[in-house]
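Reading the structure
Each chain, written out:
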Amino acid sequence: MSKPAGQRQGRVARLTRLMPAGPSTAARTPFVLLVVVLLGGGLITLLLLNSALNEGSFELSELKKRTTELTDEQQALQRDVDASFEPEALARRARELGMVPGGSPAFLDPDGKVRGVPSKAAPDPVVAPPPNTPTSTPTPTGPAVGTPAPGPVGPTPSGTPAAQPSTSPGR
């Protein structure tokens, strides 16, 4: 079952017309080089982009770590500030400055009547300074002994407590 020679030659002639041997390979070379360069450039660009994203990811993780550390430090400092404004700490600091608790307060009504019986503050007994502080006499920076407190401290004539100043700054 071989094919006649004429049919084979006709097929070869048609293939030869469709694919010329000489000039077509030379014309394809620049196109093939262009495709290879574009693919290579795309791969290199993709590699550089991936490297930049990884670098950004590392920088982001470092910044998150630093943010966590700074947040912890800020919270520790806020605890220290809050602790310094607790009533016991304020009372201790006031004693260190030579301040004494005020006596019983008196209140003035809008019509000029005095409510309550004012009394002078009694000085606390002298407390020996801690052993690690110098023995020099501190100069008092608070109000003098016997001067009344600047505002109401106890209950008002209506029986409700007077407004107390805030013990923490900025709140």
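Residues numbered from 1 in each chain as written. Predicted model: local features only at pLDDT ≥ 70, side-chain atom pairs only at ≥ 80, totals over all residues. Heavy atoms only, no water.

The secondary structure content of the protein amounts to three helices and two strands. Each helix and strand of the protein, ordered N terminal to C terminal, gives the series α-α-α-β-β. When each of the 171 residues of the protein is scored for burial, the buried share is 4%. Within the protein, contacts between residues separated by at least 24 positions form 36% of all contacts whose residues are at least 6 apart in sequence. (Helix = DSSP H or I, 4+ residues; strand = E, 2+ residues; numbered from the N terminus. Buried < 20%, exposed > 50% of the residue type's maximum accessible area, 1.4 Å probe, protein only. Contact = heavy atoms within 4.5 Å.)

Let's shift gears to the pattern of salt bridges. Scanning the model with the defined rule gives four salt bridges in all. Residue Arg66 is joined to Glu69 by a salt bridge in which the shortest nitrogen-to-oxygen separation is 3.8 Å. Placement of the pair is Arg66 and Glu69 together in helix H2 (residues 22-84), with a separation of three residues, close to one helical turn. Given a relative accessible area of 45%, Arg66 falls into the partly exposed group. The residue Arg93 makes a salt bridge to Glu96 at a minimum N-O spacing of 3.4 Å. One end of the pair, Arg93, and the other, Glu96, are both in helix H3 (residues 87-96), three residues apart, so they sit about a helical turn from each other. Judged by relative accessible area, Arg93 falls into the partly exposed class, the value being 45%. You can call Glu96 partly exposed: its relative accessible area is 45%. A single salt-bridge network, built from bridges that share partners, covers Arg92, Arg93 and Glu96. (Salt bridge = Lys/Arg side-chain N within 4 Å of Asp/Glu carboxyl O.)

Looking now at the confidence of the model for the protein. In the predicted model, the protein carries a mean pLDDT of 77, and the fraction of residues at 70 or more is 63%. Summarising per-element confidence for the protein, the mean pLDDT is lowest in helix H1 (residues 5-18) (72) and highest in H2 (92). (pLDDT = per-residue confidence, 0-100.)

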